[in-house]
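One-letter residues, chain by chain:
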Amino acid sequence: MPRKPTARVLKGTPRNLELLASRLRAGDIVGVPTETVYGLAADALNPNACRKIFEAKGRPVSDPLIVHLHSLRDLANVAVANSAALKLAETFWPGPLTLVLPKLEVVPSIVSAGLPSVAVRVPAHPLFRRLLKLVGRPLAAPSANPFGYISPTTAEHVRSGLGTKIRYILDGGASGIGLESTIVDLRNPAKPRLLRPGAITREQLAETLGCAIAWHPRRSGQIAKPQLAPGSLLRHYSPLTPLVIHTRASVALAARSAPKEAWLFISKPAGKLSKNIYWLDRSGNLRAAARRLFAQLRSLDTKGYSKIHAELAGANETGPAAAINDRLRRAAAK
Ligand code: TXA
Ligand code: MG
């Protein structure tokens, strides 16, 4: 018989925040809201606590965690910054930007998957920020989903995926951004590399740093070299239902497919629409579409469709379209 979820979903009252902070200090793991997606947090300086994250998620230990700080002032306690990193941090923190930098020895090797670098960010979600301040330590947190499944954007998503494995989830409402943070490798500040597109766009990073940001978007069938971008397996964020992506989808194309196949558009298509037609944002606003993407994929995954067809957000890879298309490509990868 499947085990019943036991996790308690807690509102962010002062008392609950105190409770969660003390649990985190004692080495427990807690589901936490962030502005990007929900995370599964542990004391980043406690290797035994961090090990529980990998166990709960079923995540391979070769996939490093992101360390969350309360403020830029804490950066020097975990990583070696450089002027490019400080420029980006001053511009975009608190916010959905993660920087990869050389790590200091205090960061346990389980957090960095044995690498000499660490990924860090200062999150913007007010409840998570209050928790970070109360704990008084950096918190390691990957997305709070079973390894390989779609990242959670609500407390209920966390409960449905990890409710039998964790005891506490802090409810901070639906994540405002809805896609994981942008990750930039700044180990060599002269050659910044985008490891994962997100809400902070490559164009914004280039403008702030005054130089080009290298990026090698992965296409289906292409496998990233794990030593370059650990954890960035192509298959990731996948619904259980097979997903097929289309550069050009249309209602006419959808009408020719089987009725048990769903079609997910970026904006609402014109005309009379059958029940298997879905969209992310009525008017096609890409920020709104990104916010909705993971919840929509989860919802389609429960409706018994044999296949999900998804339209890409424009053919070019600029602005917020890059992040949406990256997640759709990963979800479609075999
Ligand atoms: O928005 C986010 O980034 C969310 C919230 C919770 O902050 N976190 C998140 O973590 O999405 P997740 O599950 O994607 O895992 C962190 C990823 C790894 O899979 C890896 O790609 C990258 O961050 N990463 C972590 N440490 C790294 C390092 N030292 N070098 C390169 N990439 C690293
Ligand atoms: Mg993840």
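Residues numbered from 1 in each chain as written. Chains lettered and ligands numbered in written order. Predicted model: local features only at pLDDT ≥ 70, side-chain atom pairs only at ≥ 80, totals over all residues. Heavy atoms only, no water.

Turning our eyes to something else, we now look at the confidence of the model for the protein. Per-residue confidence for the protein gives a mean pLDDT of 93, with 93% of residues at or over 70. Within the model, the stretch residues 220–228 combines pLDDT values under 50 with 8 contacts to residues more than four positions away or in other chains. (pLDDT = per-residue confidence, 0-100. Contact = heavy atoms within 4.5 Å.)

Another point: the domain arrangement of the protein. Assigned domains of the protein: these are domain 1 (8–209) and domain 2 (243–332). Contacts between the two partners involve 22 residues from domain 1, matched on the other side by 18 residues from domain 2. Connecting domain 1 to domain 2 are 1 salt bridge. Measuring nitrogen to oxygen at the nearest pair gives 2.8 Å for the salt bridge that ties Glu-180 to Arg-327. Run the count over domain 1 and domain 2 and you get 8 residue pairs in polar contact (both at pLDDT 80 or more). (Domains from an automatic or database assignment. Salt bridge = Lys/Arg side-chain N within 4 Å of Asp/Glu carboxyl O. Polar contact = N/O pair within 3.5 Å; in protein donor to acceptor, adjacent residues only side chain to side chain.)

A few words on the packing of helix α1 (residues 14–25) against helix α5 (residues 126–135). Close contact between α1 and α5 brings their axes to 9 Å; oriented N to C, the two are set at 55°. Taken together, α1 and α5 sit at an angle that is classed as oblique. The way α1 lies across α5 gives a crossing that is right-handed. Touching Leu-17, Glu-18, Leu-20, Ala-21, Leu-24 and Arg-25 of α1 are Leu-127, Arg-130, Leu-131, Leu-134 and Val-135, all from α5. Counted by class, the contact of α1 with α5 contains 8 nonpolar, no polar and 3 charged residues. (Axes fitted to C-alpha atoms, helices over the stretch in contact; angles between N-to-C directions. Helix = DSSP H or I, 4+ residues; strand = E, 2+ residues; numbered from the N terminus. Parallel < 35°, antiparallel > 145°, perpendicular 65-115°, else oblique. Left-handed = near helix turned anticlockwise from the far one by under 90°. Nonpolar A, V, L, I, M, F, W, Y, C, P; charged D, E, K, R; others polar.)

On to the packing of aromatic side chains. Evaluated as defined, the whole model comprises 2 aromatic pairs. One Lys or Arg, Lys-260, reaches over the ring of Tyr-305 and ends 5.3 Å from the middle of that ring. (Phe/Tyr/Trp six-rings, centres within 6.5 Å; stacked < 30°, edge-to-face > 60°. Lys NZ or Arg CZ within 6 Å of the ring centre and 35° of its normal.)

What follows concerns the pattern of salt bridges. For the structure on display, the rule yields 12 salt bridges. The shortest N-O distance in the salt bridge between Asp-28 and Arg-167 comes to 3.9 Å. With Asp-28 in the loop between α1 and β2 (30–32) and Arg-167 in the loop between α6 (155–162) and β8 (168–171), this residue pair connects regions lying 139 residues apart in the sequence. Judged by its relative accessible area of 15%, Asp-28 is buried. (Buried < 20%, exposed > 50% of the residue type's maximum accessible area, 1.4 Å probe, protein only.)

Moving on, we get to the packing of helix α9 (residues 286–301) against helix α10 (residues 319–332). Interaxial distance between α9 and α10 falls to 9 Å at its minimum, and their mutual angle equals 25°. Judged by the angle between their axes, α9 and α10 are roughly parallel. Two packed elements cross with a definite hand, and for α9 against α10 that hand is left-handed. Residues Leu-286, Arg-287, Ala-289, Ala-290, Leu-293 and Phe-294 of α9 lie in contact with α10, whose contacting residues are Pro-320, Ala-321, Ile-324, Arg-327 and Leu-328. Considering only residue class, the contact of α9 with α10 consists of 9 nonpolar, no polar and 2 charged.

Another aspect to go through is the site of ligand 1. The full set close to ligand 1 counts 26 residues, and Thr-36, Asp-63, His-68, Ser-181 and Arg-196 are the nearest of them. Interatomic distance of 3.1 Å between a side-chain N/O atom of Arg-121 and an oxygen atom of ligand 1. A distance of 3.0 Å separates an oxygen atom of ligand 1 from a polar backbone atom of Ser-143. Considering ligand 1 on its own, with 670 Å² of exposed area, one finds that the protein chains cover 96% of that surface. Elements represented by at least two residues in the shell around ligand 1 include exactly β4 (66–68), β6 (117–121) and β10 (193–196). Among the elements that make up the shell around ligand 1, the one with the highest residue count is β6 (4 residues). (Near = heavy atom within 4 Å. Areas by Shrake-Rupley, 256 points an atom, 1.4 Å probe, with all protein chains shown as cover.)

Before going further, it helps to spend a moment on the sheet that holds strand β12 (residues 261–265). With parallel pairing, the 4 strands of this open sheet are ordered in space as β11-β14-β12-β13. Two strands bound the open sheet, and with one partner strand each, they are β11 (243–246) and β13 (277–279). Adjacent strand axes in the sheet meet at a mean angle of 25° when their direction is disregarded. Sheet analysis places β11 next to strand β14 (residues 307–311), joined by 4 bridges and oriented parallel. The partner of Leu-243 across the bridge, within β14, is Ile-308. (Pairing = 2+ DSSP bridges.)

With that out of the way, let us pick up the sheet that holds β6. Reading across from one edge, β1-β8-β2-β3-β7-β4-β6-β5-β9-β10 is the order of the 10 strands in this open sheet, with mixed pairing throughout. Each edge of the sheet is formed by a strand with only one pairing partner; in this case those strands are β1 (8–11) and β10. The sheet contact formed by strand β3 (residues 39–43) and strand β7 (residues 139–140) spans 2 bridges and is antiparallel. Across the sheet, the residue bridging to Asp-43 is Leu-139, located in β7. The sheet contacts of α6 involve β1, β3 and β8, and relative to β8 the element is tilted by about 165°.

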